[in-house]
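One-letter residues, chain by chain:
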Amino acid sequence: MNLHSMLLYWLFLRCVPGVLCLAPIPGIYAVGAAVTSFGIASFNLVFCRFYECCDDRWIVNNITGLQIDLKKRLYGQHLVQKVVTSHIQGHVRTPDPHKALVLSFHGPTGTGKNHVSQIVAEMLYKKGLKSENVRLIAVTKEFPHAEMVPLYKDQLREMIEKQVKKCGQSLFIFDEVDKMPGGLLDTIKPYLDHYEELGGVDYRHAIFVFLSNAGGTAITQYALDQWKEGSHREDIKLAAVERILAKAAINSESQGGLWHSELISKHLVTAFLPFLPLERTFVRQCIRDQLVLKRHYPSLEEIPEVIVEEVMQELSFYPEKEQLFSVTGCKRVPEKVDLVMLS
Ligand SMILES: *[C@@H]1O[C@H](CO)[C@@H](O)[C@H](O)[C@H]1NC(C)=O
């Protein structure tokens, strides 16, 4: 036995073989452990300054900013504004939430579903949608073939597990979730449930946002009826629209997707949020924002009304008689602004 291995024996087994056992030297272990953890900690300190980590340097959870931005940058969605903030605030400020937060956004095209999920990403994560802890899943693009569902299931499972293992507070945004091939959404069901852990991973800090047009027609009809009865848009109550959504869900003929899954029956969705169709005044606000955003005007105050009207002329409204709501909400506003300003 050479000196080196004897030293190792002595350090780790605290014995000199065949001779005697020396008194253990815990100090050495403590120093070793301290040096190691100090090394890791200072490495992280430097690394996480420059590269995104799962810590509060990068996960900023700016609830005040969320509140302000939803108020300032989202038009005509009084129901969404309040409910989104309160659910997210409740979730991220709870040390141990009892399940993942699941928000389901419903409504016609261009009413702000993508916009809100972007604002949420920006206010929770420093890098917004570009964050490594935010996953935007465009369903029609990523899962186009119904016959490949078994493969998609594995991919989806792996993606979620890897992601949440890496960072507990991950944000998953599923766009056009109503077009998800049948059964696929059920794959993620366990991650939304109340399990303390699955395979050693705790999914309860995760946030899932589902975007869909499902129920859009029913929401629009309700908003139209309310308008005809002369009630204010702001008087529309969440409970009333939720009832309509639930009814539309049961009667929905759309294949697969959210409506036929067990998400609803098992109460895995924290909240269903209706996005109302946009009336003219809200579309005008979107147009003004775009005119400034695209630097055609330095500020909102300097935009001439005729320009806004010119863009409005390029958009379609319905119903035919009342010309009340924008057919595409604010969705086509950017291109119409270009059309008017650059031609
Ligand atoms: C939160 O967001 C608001 C609005 O965008 C911003 O003004 C504020 O500086 C942010 N706060 C933090 C702590 O990042």
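Preceding this paragraph is the structure being described.
Residues numbered from 1 in each chain as written. Predicted model: local features only at pLDDT ≥ 70, side-chain atom pairs only at ≥ 80, totals over all residues. Heavy atoms only, no water.

## Topic: the overall build of the protein
Now for step 1: What the protein contains, in helices and strands, is 14 helices and nine strands.
Now for step 2: In the protein, which comprises 343 residues, the share counted as buried stands at 43%.
Now for step 3: Considering only contacts in the protein between residues 6 or more positions apart, those separated by 24 or more positions represent 73%.
Now for step 4: Summed over its atoms, the accessible surface of the protein is roughly 18600 Å², and 57% of this surface lies on carbon and sulfur atoms. (Helix = DSSP H or I, 4+ residues; strand = E, 2+ residues; numbered from the N terminus. Buried < 20%, exposed > 50% of the residue type's maximum accessible area, 1.4 Å probe, protein only. Contact = heavy atoms within 4.5 Å. Areas by Shrake-Rupley, 256 points an atom, 1.4 Å probe, with all protein chains shown as cover.)

## Overview of the environment of Leu-185
Now for step 1: Checked against the element boundaries, Leu-185 lands in the loop between strand E5 (171-175) and helix H8 (189-192).
Now for step 2: Given the relative accessible area of 2%, Leu-185 is considered buried.
Now for step 3: Distance from Leu-185 to Leu-156, taken between C-alpha atoms, is 9.2 Å for residues 29 residues apart in sequence.

## So, the nonpolar core
Now for step 1: Formed by 36 residues in total, the largest nonpolar core has its most connected members in Leu-156, Ile-160, Phe-172, Phe-174, Ile-188, Phe-208 and Phe-210.
Now for step 2: It is helix H7 (residues 149-166) that provides the largest number of residues to this core, a total of five residues.
Now for step 3: Not counting residues up to four positions away in its chain, the partners in contact with Ile-160 are Phe-172, Ile-188, Tyr-191, Tyr-203 and Phe-208.
Now for step 4: Val-116, Ile-207, Val-209 and Phe-275 belong to the second-largest nonpolar core, a separate cluster that totals 30 residues. (Core = buried A, V, L, I, M, F, W, Y, C linked by side-chain atoms within 4.5 Å.)

## A word on the site of the ligand
Now for step 1: What surrounds the ligand is the set Asn-62, Gly-65 and Met-123.
Now for step 2: Burial of the ligand by the surrounding chains reaches 33%, relative to a free accessible area of 360 Å². (Near = heavy atom within 4 Å.)

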